[in-house]
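Residue-level listing of the chains:
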Amino acid sequence: MNLPNYFMADLPPEATLSQTMLEEACQALKRNREQYMVIRTTTSLVRLISGVAENWLEADYPFRKLALTEGPMATGFSAGTLAAGWTVFSRS
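Now for a description of the structure that goes with this document. (Residues numbered from 1 in each chain as written. Predicted model: local features only at pLDDT ≥ 70, side-chain atom pairs only at ≥ 80, totals over all residues. Heavy atoms only, no water.)

**Focus: the overall build of the protein chain**
Secondary structure summary: the protein chain contains four helices and zero strands in total. Counting from the amino terminus, the protein chain carries its helices and strands in the arrangement α-α-α-α. In terms of its C-alpha atoms, the protein chain occupies a principal-axis envelope of roughly 40 × 40 × 25 Å. Burial statistics for the protein chain: of 92 residues in total, 10% are counted as buried. Just so you have it, the protein chain exposes about 7700 Å², and 60% of that area is on carbon and sulfur atoms. (Helix = DSSP H or I, 4+ residues; strand = E, 2+ residues; numbered from the N terminus. Buried < 20%, exposed > 50% of the residue type's maximum accessible area, 1.4 Å probe, protein only. Areas by Shrake-Rupley, 256 points an atom, 1.4 Å probe, with all protein chains shown as cover.)

**Examining the packing of aromatic side chains**
For the coordinates displayed, the defined rule picks out three aromatic pairs. Measuring from ring centre to ring centre gives 5.6 Å for Trp56 and Tyr61, while their planes differ by 70°; the resulting arrangement is edge-to-face. Relative accessible area serves as the criterion here: at 16%, Tyr61 is assigned to the buried category. Between the aromatic rings of Trp56 and Trp86, the centroid separation amounts to 5.0 Å while the plane-to-plane angle is 50°, which identifies the pairing as tilted. Separated by 30 residues along the polypeptide, Trp56 in helix α2 (residues 42–56) and Trp86 in helix α4 (residues 79–90) bring together distant segments of the chain. Owing to a relative accessible area of 24%, Trp56 belongs among the partly exposed residues under this scheme. The rings of Trp56, Tyr61, Phe63 and Trp86 are connected pair by pair, giving a single aromatic cluster. (Phe/Tyr/Trp six-rings, centres within 6.5 Å; stacked < 30°, edge-to-face > 60°.)

**Some words on the packing of helix α3 (residues 62–75) against α4**
Two quantities define a packed helix pair, namely the angle between the helix axes and the distance between the axes. In the contact formed by α3 and α4, the axes pass within 8 Å of each other and the chain directions differ by 120°. Classified by the angle between their axes, α3 and α4 sit oblique to one another. Handedness of the crossing formed by α3 with α4: right-handed. Counting all contacts with α3, which are made through Arg64, Ala67, Leu68, Gly71, Pro72 and Thr75, the residues of α4 involved are Ala79, Leu82, Ala83 and Trp86. Each residue belonging to the contact of α3 with α4 can be placed in one class, and the counts come to seven nonpolar, two polar and one charged. (Axes fitted to C-alpha atoms, helices over the stretch in contact; angles between N-to-C directions. Parallel < 35°, antiparallel > 145°, perpendicular 65-115°, else oblique. Left-handed = near helix turned anticlockwise from the far one by under 90°. Contact = heavy atoms within 4.5 Å. Nonpolar A, V, L, I, M, F, W, Y, C, P; charged D, E, K, R; others polar.)

**Details of the environment of Ala53**
Mapped onto the fold, Ala53 is located in helix α2. We classify Ala53 as partly exposed; its relative accessible area is 36%. Taking the C-alpha atoms as reference points, Ala53 and Thr87, separated by 34 residues in sequence, lie 9.7 Å from one another.

**Here we look at the environment of Cys26**
In this fold, Cys26 is placed in helix α1 (residues 19–37). On the accessibility criterion, Cys26 (44% relative accessible area) is partly exposed. For the pair formed by Cys26 and Pro62, sequence separation is 36 residues and the distance between their alpha carbons is 29 Å.

Nothing here speaks to function; it is all geometry.
In structure tokens:
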């Protein structure tokens, strides 16, 4: 699966944050808000978030599969613990 590059979230752990990098990230957030968020209604955003949450509960959801495959090594939690956590969290 090719994951998108979301700038700061994808920096390697050894990366050093700079003022320029933070300024560029803030400008990107402003641009993205204007381009993608302002045009959406609150209702459509709630539906979107709800749909994504429901997807994470589906065993065949690609991001869930990826997280359950790679998550244990990255977090130290077992795949079962991660899956149970999503279930509990989604029902909260």
